[in-house]
Amino acid sequence: SQKIEQNSEALNIQEGKTATLTCNYTNYSPAYLQWYRQDPGRGPVFLLLIRENEKEKRKERLKVTFDTTLKQSLFHITASQPADSATYLCALGNSGGYQKVTFGTGTKLQVIP
Amino acid sequence: DAGVIQSPRHEVTEMGQEVTLRCKPISGHDYLFWYRQTMMRGLELLIYFNNNVPIDDSGMPEDRFSAKMPNASFSTLKIQPSEPRDSAVYFCASSSSAINPNNEQFFGPGTRLTVL
């Protein structure tokens, strides 16, 4: 069966360091992968999308990689700040122009001042 | 735009009662999604609509759940009868197939449902 796995345990890092979150998937051939941020009591907010033919995508302090051979995406936040503390969700989407995606369970990131 | 609007924000009900959750998508968006989020199962897609038509309801847990979209600006998710295991946060999201290269979904604030 299809499975999307993210670090189940919370990730604690020191302010200023780079946070790296992992999204692994099995039995899936996604056309693209998204990352969302979710703060407590709120809905997820879109951050980045990377397509299957892209290796890396950057946006400000964020960097996403996508390895379709390893079936893995890495999400990096450089120069992390306490305001980056949140839960980060990856989501996989298919081709064909459909809008449907499947979400991972998320990783809670805590940036310690 | 006010974003996706959901009501109520919190709902506490007793087992066996009917629950109706409401959603107003962003104007002009042609896709609408209903999700359920729990600690154990994460964010699960229940059903989604395109141009008010249900496209995939395979995530709807059972016949107690039903969803409608009578027009482009309103959708409901109904649970009848409700059970304690339905307790979760229910999110509505919308997206546009036009001018949306990132297939970005816009989420509402969610409805926290507690079934006693």
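In what follows, the structure referred to is the one given above.
Quantities reported herein were computed from a predicted structural model and do not represent experimental measurements.

Caption draft 1: Looking closely at the interface of chain A and chain B. The interface is formed by 19 residues belonging to chain A together with 23 residues belonging to chain B. Summed over both partners, the interface of chain A with chain B comes to about 1,700 Å²; 49% of that surface belongs to carbon and sulfur atoms. Where chain A packs against chain B, one counts one salt bridge. One salt bridge connects B:Asp56 with A:Lys100, and the closest N-O pair in it is separated by 2.7 Å. Counting the contacts that link chain A with chain B gives 10 residue pairs in polar contact (both at pLDDT 80 or more). When residues of the side of chain A that touches chain B are assigned to their parent elements, the largest contribution, four residues, is made by strand 4 (residues 32–38) of chain A.

Caption draft 2: Spatial organisation of the nonpolar core. One finds A:Leu33, A:Trp35, A:Phe75 and A:Tyr88 to be the most contacted residues of the largest nonpolar core, which totals 23 residues. Core analysis: the second largest hydrophobic core is formed by 21 residues, B:Ile26, B:Leu32, B:Met60 and B:Phe65 among them.

Caption draft 3: Spatial organisation of the pattern of salt bridges. Residues and elements named next belong to chain B. Scanning the model with the defined rule gives 13 salt bridges over all chains in all. Here Lys78 ties to Glu18 by a salt bridge, and the two come within 3.8 Å at their closest N and O atoms. Taken together, the positions of Lys78 in strand 8 (residues 74–79) and Glu18 in the loop between strand 2 (10–13) and strand 3 (19–24) put the pair 60 residues apart, joining distant regions of the chain. Given a relative accessible area of 30%, Lys78 falls into the partly exposed group. Of the residues examined, Glu18 reaches a relative accessible area of 45% and is grouped as partly exposed. Salt bridges linked by common partners bring Glu62, Arg64, Glu83, Arg85 and Asp86 together as one network.

Caption draft 4: Focus on the sheet that holds strand 7 (residues 65–71) of chain B. Residue and element names in this part refer to chain B. Spatially, the four strands line up as an open sheet ordered 1-3-8-7, and their pairing is antiparallel. Whereas interior strands pair on both sides, the edge strands pair on one side only; in this sheet they are strand 1 (5–7) and strand 7. If you compare each strand with its neighbour and ignore which way they point, the axes differ by 15 degrees on average. By the bridge criterion, three bridges tie strand 1 to strand 3 in an arrangement that is antiparallel. From the neighbouring strand, Gln6 faces strand 3, where its bridge partner is Cys23.

Caption draft 5: Molecular detail of the pairing of strand 7 (residues 62–67) of chain A. Residue and element names in this part refer to chain A. As paired elements, strand 6 (residues 56–59) and strand 7 share four bridges and run antiparallel to each other. Counted as the bridge partner of Lys59 is Leu62 from strand 7. Adjacent in sequence and paired antiparallel, strand 6 and strand 7 are bridged by two residues, among which Glu60 carries a positive phi angle near 55 degrees. Bridging between strand 7 and strand 8 (residues 72–77) involves six bridges; their strand directions are antiparallel. Residue pairing for strand 8: Phe66 is matched across the bridge by Ser73.

Caption draft 6: Local environment of the packing of aromatic side chains. Overall, the coordinates contain 14 aromatic pairs over all chains when judged by the stated rule. Taking the centre distance of 4.8 Å and the plane angle of 20 degrees together, the rings of A:Trp35 and A:Phe75 count as stacked. Of the two residues, A:Trp35 sits in strand 4 while A:Phe75 sits in strand 8, which places them 40 residues apart along the sequence. Assigned by exposure class, A:Trp35 and A:Phe75 land together as buried. Taken together, a centroid distance of 5.6 Å and an interplanar angle of 85 degrees make the contact between A:Phe103 and B:Tyr35 edge-to-face. Of the two residues, A:Phe103 is situated in strand 10 (residues 101–103) and B:Tyr35 in strand 4 (residues 31–38); the pairing between them involves two chains.

Caption draft 7: Region of the structure containing the sheet that holds strand 7 of chain A. Residue and element names in this part refer to chain A. If you trace the five strands from one edge of the open sheet to the other, you get 1-3-8-7-6, paired in antiparallel fashion. Edge positions in the sheet fall to strand 1 (3–6) and strand 6, since each has one partner strand and no second. Looking at each pair of strands side by side, their axes are set apart by 15 degrees on average, direction ignored.

Caption draft 8: Structural view of the environment of B:Ser7. Tracing the backbone through its elements, the reader meets B:Ser7 in strand 1. Those residues in contact with B:Ser7 that sit more than four places away from it in its chain are B:Leu21, B:Arg22 and B:Thr111.

About the thresholds
Residues numbered from 1 in each chain as written. Chains lettered and ligands numbered in written order. Predicted model: local features only at pLDDT ≥ 70, side-chain atom pairs only at ≥ 80, totals over all residues. Heavy atoms only, no water. Contact = heavy atoms within 4.5 Å. Buried area = accessible area lost by both parts, 1.4 Å probe. Salt bridge = Lys/Arg side-chain N within 4 Å of Asp/Glu carboxyl O. Polar contact = N/O pair within 3.5 Å; in protein donor to acceptor, adjacent residues only side chain to side chain. Helix = DSSP H or I, 4+ residues; strand = E, 2+ residues; numbered from the N terminus. Core = buried A, V, L, I, M, F, W, Y, C linked by side-chain atoms within 4.5 Å. Buried < 20%, exposed > 50% of the residue type's maximum accessible area, 1.4 Å probe, protein only. Pairing = 2+ DSSP bridges. Axes fitted to C-alpha atoms, helices over the stretch in contact; angles between N-to-C directions. Phe/Tyr/Trp six-rings, centres within 6.5 Å; stacked < 30°, edge-to-face > 60°.

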